[in-house]
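# An overview of the molecular structure
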Amino acid sequence: MSDDKAENGAEPRRNFIASVGALCVAAAASIVPLAAGAAALFDPLRRGRRDLSMILVTKLSSVPEDGAPKKFTIETDRVDAWTTYENTPVGAVYLRRTPTGVAALNVVCPHAGCFVGLMPDKSRFGCPCHKSSFDLDGVVNDANSPSPRDMDALEVEVRNGDEVWVRFQNFLPGREEKTAI
Ligand code: FES
C-alpha cells in the first residue's frame, strides 16, 4: 500500500475519533446543567411537607375560662409541589385551660381518623364513627373504645401573655404509639 492510500485511510478514522470525542465533551457539558435543572424542578416535591413550626391559633381570651374545651381551626401556609397556599386550613384542635396553662388536642380520632366531637354536656369527647370515648384531657375512658391510644396531645405555648401557639401535627391512626405523619 502506498503512503497516499494509507494517509487517505487514516484521515476518515481521525475525523471519526474527533467527532466521537466532541460528542462526549458536549454530553458531559450538558449533564451538569440538566442535573441542576432537574434538582430545581423537583425541589418543590421535596419541600411538599408543611413546616412544623409553632402556629398562632388564637388569643388566650378566646379559650373558655371554665376549662371547657373549644375547637379552633388551624390555618397556615401550605406548600404543595410548586404552589404556596396562604392561610389554608390544615386541621383543628381542641384548646382547654388547665391549672398550668393551656392544653391542645388534635381533633382527629386515633382509631381511624374521624373527627372527635365534644359531647353536648361538655363532659367528654366522643367519636361518632365507632364510639371511642375520651376524657377532657384526651385519655380513653371506656374499655370498649376501639381507639388504640389517647387523643393526640400537641405542644402548646402561651406567648406575650395572650397568644396561644400550637405545634400542629397529625399522627397515624390505628397504632398504639404516636407516629407523626
Ligand atoms: S374513628 Fe373514632 S372510633 Fe373509629
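What you are looking at is a predicted structure, and each value in this text was computed from that prediction instead of being measured. Counting restarts for each chain, with residues numbered from 1 along the sequence as it is written. Side-chain atom pairs in this predicted model are given and counted only at pLDDT of 80 or more, local residue features only at pLDDT of at least 70, and totals for whole chains, interfaces and linings cover all residues. The basis for every side-chain value is the complete set of non-hydrogen atoms in the structure, without hydrogens or water.

### Description of the confidence of the model for the protein chain
The criterion, for reference: Within a predicted model, pLDDT stands for the predictor's per-residue confidence, ranging from 0 to 100. Two residues qualify as a contact provided that any one of their heavy atoms is within 4.5 Å of a heavy atom in the partner residue.
When pLDDT is averaged along the protein chain, the result is 83, and 72% of the positions lie at 70 or above. A low-confidence stretch, residues 31–48 (pLDDT under 50), is modelled with eight contacts involving residues beyond four sequence positions or located in other chains.

### Thoughts on the sheet that holds strand E8 (residues 153–159)
Counted only if it meets this: By this definition, two strands are paired if DSSP reports at least two bridges between them. Helix numbers and strand numbers start at the N terminus; a helix is a DSSP run of H or I with at least 4 residues, a strand a run of E with at least 2. Working convention: axes come from line fits to C-alpha atoms, limited for helices to the stretch in contact. Angles between N-to-C directions cover 0 to 180 degrees.
Strand order across the open sheet formed by six strands is E1-E9-E8-E4-E3-E2, with antiparallel pairing between neighbours. One side of each edge strand has no neighbouring strand; the edge strands of this open sheet are strand E1 (55–59) and strand E2 (70–80). Adjacent strand axes in the sheet meet at a mean angle of 35 degrees when their direction is disregarded. Here E8 runs beside strand E9 (residues 163–167); their pairing, made up of five bridges, is antiparallel. Within E9, the position partnered with Glu 155 by the bridge is Arg 167.

### Regarding the state of the cysteines
The bond known as a disulfide is covalent and runs between the sulfur atoms of two cysteines. Basically, it comes down to this: The disulfide criterion is simple: two cysteine sulfur atoms within 2.5 Å. Exposed residues in this analysis have more than 50% of their type's maximum accessible area, buried residues have under 20%, and partly exposed residues fall in between, with area computed by a 1.4 Å probe over protein chains only.
Under the definition given, this model contains one disulfide. Covalent S-S linkage joins Cys 114 and Cys 129, the inter-sulfur distance amounting to 1.9 Å. Given an S-S torsion of about -95 degrees, the disulfide between Cys 114 and Cys 129 has left-handed geometry. Residue Cys 114 is found in the loop between strand E4 (101–106) and strand E5 (117–118), and its partner Cys 129 is found in the loop between strand E6 (125–126) and strand E7 (133–134); the two are separated by 15 residues along the sequence. The class for Cys 129 is partly exposed, based on a relative accessible area of 36%.

### Section: the pattern of salt bridges
As a reminder, the rule being used: Counted as salt bridges are all cases of a side-chain nitrogen of Lys or Arg within 4 Å of a carboxyl oxygen of Asp or Glu.
Using the criterion set out here, one finds four salt bridges in the structure. We note a salt bridge from Arg 159 to Glu 157, for which the minimum N-O separation is 2.9 Å. One salt bridge in this structure joins Arg 175 and Glu 177, with 4.0 Å as the shortest N-O distance. The class for Arg 175 is partly exposed, based on a relative accessible area of 36%.

### Considering the nonpolar core
As a reminder of what qualifies: Working definition of a nonpolar core: buried Ala, Val, Leu, Ile, Met, Phe, Trp, Tyr and Cys residues. They are joined through side-chain atoms within 4.5 Å.
If you look at the biggest cluster of nonpolar residues, it comprises 16 residues, and the most contacted ones within it are Ile 74, Val 93, Leu 95, Leu 154 and Phe 168. Listed by contribution, the elements that provide at least two residues to this core are E1, E2, strand E3 (83–98), E4 and E9. If near-sequence neighbours (up to four positions away) are discounted, Ile 74 is found in contact with Ile 55, Val 57, Thr 88, Pro 89, Val 90, Gly 91, Ala 92, Val 93 and Phe 168. With ten residues, the next largest nonpolar core counts Ala 92, Leu 105, Val 116 and Phe 134 among its residues.

### A short note on unusual backbone geometry
For Asn 87, which is not glycine, the phi torsion reads 50 degrees and is therefore positive. When its relative accessible area of 54% is taken as the criterion, Asn 87 is described as exposed. Positive phi outside glycine occurs at Asn 160, with the angle close to 55 degrees. You can see Asn 160 is positioned in the loop between E8 and E9.

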